[in-house]
Amino acid sequence: MLHLCSKVVKPLKLQQTRTLLTRKGSPKEVSVDEAVKAIKSNDRVFIHGVTATPATLLAALEKRIPELTGIEFCHLHLDKPNPCSQEKYRANAFTNNFFIGANQRKQVAQGLSSYTSTFLSEVPRIIREGPLTPDVALINVSLPDKHGYVSLGTEVATAFPAVQMAKTVIAQINPHVPRTHGDSFVHIDALDYVCHVNEPLPEIPDAKIGDVEGKIGKIIADLVPDGATLQMGIGAIPNAVLDGLKGHKNLGIHTEMFQEGVIPLMETGVVNNSQKKFLPGKILTSFIIGTRRLYDFVDDNPSVVFYDASIANNPVIIAQNPKVTAINAAIEVDLTGQVCADSVGHRMISGVGGQVDFERGAALSEGGLPIICLPSTTKSGASRIVTAIKSGGGIITSRPHVHYVITEYGYANLFGKNLQQRAKALIGIAHPRHREQLERDAFEFLGLSAWRD
């Protein structure tokens, strides 16, 4: 799926991909301490991820964790830490991260947890088919509606398949969780245990836009055509791009996540999703990160739909939309176009996420723009356009997947370019003080005896 070379893609119909959640009967209403008693030694426990982290349930589980052994946690990054994943519980629990968040980097380095290197589009598959099907799912859901449906709220990417597959589903019902649309609804009779909590969601404000990020954002925004379908990640550069799109028309959004910068574009009609082919008229996402303003915006908003990552990140589905502009970040890009985005040398800091899913989906889209962006230097001044990726660094996006690379000094279009042309283009967007050394290295290691356009 991820290596299609033709732009002729067969449309997928959403209804062909979904399965219904089985109702088990009325759940047991219990306290949080009673709820976590359902977890047994050697269980694999899924934790609702990102801003949906069920902190109250995890705090209750920490009281029990010393008496348990062989517990395996699995989750996306958590915006509240899991107290059960500490050095003192090394003999009791281990964590498999689908994406490494900041509060798991130390644990990964210490061997208390690890990273499951999988395209985000395929994480639902390893949940549904194995090898990481959970025994127990801990989730953070909204109040039930009059029909008995709760909502998975701010993270559906992995939570939906986990609730489908877990033998035991334990939910904290939380009035702070927004009721989001799409594959977010679960009937309360599909749950085994419910407990009522009053737990505000973590709030992560948009990153501030600095001078470098502003320049990169403007370069990207100038490339985006009217009628484009956008995918963006998190951070100052995506925010700068959104700021630069205020004069555009008829934009759409099909993304794995978004932040608050989308709201003004929706309110002014810049984003109206009218040109999208897959779920036209709606923003499609799988999770969100933001503040209460964003949670209120998606609450009971039918113009925003949440689907698990097998839908949101499926390159064939993505490619059905026009002019898909995929904007993804990198740690380093080497002179041949290889992208490191999950580690600094051997030190793991994040994961593959949806970068390859969307870069390929954009490449297959009619008029698509697959974009990798990064500042030209690190905070210490080292070049991020490099002769070779640091030893131990992982290649997330391969040479043939990469089209546009953008720094504050401009963009390099690598599509169809040979290695000499790639090196020249990338040196041209490196920081000026590093270009001479990069040219020497390119001459020595890539055999560049002459530049050829």
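Here the structure is a predicted model, which is why all the values come from computation and not from measurement.

J.: What am I meant to see in the packing of aromatic side chains here?
T.: Think of a pair of aromatic rings as described by two things: how far the centres are apart, and how the planes are tilted against each other in angle. Considering all chains together, one arrives at 1 aromatic pair under this definition. Taken together, a centroid distance of 5.6 Å and an interplanar angle of 55° make the contact between Tyr404 and Tyr411 tilted. The aromatic ring of Tyr409 is capped on one face by Arg435, whose charged end is 5.5 Å from the ring centroid.

J.: I would appreciate a short explanation of the side chain of Ser113 in the present structure.
T.: Structurally, the position occupied by Ser113 is in strand 5 (residues 113-115). Note on Ser113: relative accessible area 3%, which makes it buried. One polar contact links Ser113 to Gln104, side chain to side chain, over a distance of 2.8 Å. Once residues lying within four places of it in the same chain are set aside, the contact partners of Ser113 are Phe94, Thr95, Asn97, Gln104, Gln107 and Val108.

J.: Sorry, what's going on with the sheet that holds strand 20 (residues 339-340) here?
T.: Two strands in a sheet stick together by hydrogen bonds in their backbones, pointing the same way (parallel) or opposite ways (antiparallel). Read from one edge to the other, the open sheet built from 3 strands follows the order 20-19-24, with strand pairing classed as mixed. On the outer flanks of this sheet lie strand 20 and strand 24 (385-386), each paired with one strand and no other. Pairing geometry for strand 19 (residues 332-334) and strand 20, over 2 bridges, is antiparallel. For Glu332, the partnering residue across the bridge sits in strand 20 and is Cys340.

J.: Before we go on, may I ask you to explain the UniProt feature "domain: Acetyl-CoA hydrolase/transferase C-terminal" (unreviewed entry) in the protein chain in this structure?
T.: Here the UniProt feature "domain: Acetyl-CoA hydrolase/transferase C-terminal" (unreviewed entry) sits at residues 290-442. Helix makes up 29% of residues 290-442 and strand 22%. Its end C-alpha atoms lie 42 Å apart.

J.: How do you make sense of the environment of Asn239 when you look at a structure like this?
T.: Within the secondary structure, Asn239 is located in helix 7 (residues 236-243). Looking at Asn239, the relative accessible area reads 6%, which means it is buried. On a C-alpha basis, the gap between Asn239 and Pro225 in space is 18 Å, while along the polypeptide they are 14 residues apart. Apart from the residues within four sequence positions on either side, Asn239 is in contact with Asp206, Ala207, Ile209 and Gln259.

J.: Sorry if this is basic, but what is going on with the sheet that holds strand 25 (residues 404-407) here?
T.: If you trace the 6 strands from one edge of the open sheet to the other, you get 13-12-18-23-25-26, paired in mixed fashion. Of all strands in the sheet, those bounded by a partner on one side alone are strand 13 (252-253) and strand 26 (410-413). Where strand 12 (residues 229-232) meets strand 18 (residues 324-329), 4 bridges bridge the pair, whose relative direction is parallel. Each bridged residue has a counterpart across the sheet, and for Met232 the counterpart in strand 18 is Ile327. Docked against the sheet, helix 6 (residues 211-223) engages strand 18, strand 23 (369-373), strand 25 and strand 26, running at close to 145° with respect to strand 25.

Conventions and cut-offs
Residues numbered from 1 in each chain as written. Predicted model: local features only at pLDDT ≥ 70, side-chain atom pairs only at ≥ 80, totals over all residues. Heavy atoms only, no water. Phe/Tyr/Trp six-rings, centres within 6.5 Å; stacked < 30°, edge-to-face > 60°. Lys NZ or Arg CZ within 6 Å of the ring centre and 35° of its normal. Helix = DSSP H or I, 4+ residues; strand = E, 2+ residues; numbered from the N terminus. Buried < 20%, exposed > 50% of the residue type's maximum accessible area, 1.4 Å probe, protein only. Polar contact = N/O pair within 3.5 Å; in protein donor to acceptor, adjacent residues only side chain to side chain. Contact = heavy atoms within 4.5 Å. Pairing = 2+ DSSP bridges. UniProt positions renumbered as here; feature names shortened; annotations may be inferred. Axes fitted to C-alpha atoms, helices over the stretch in contact; angles between N-to-C directions.

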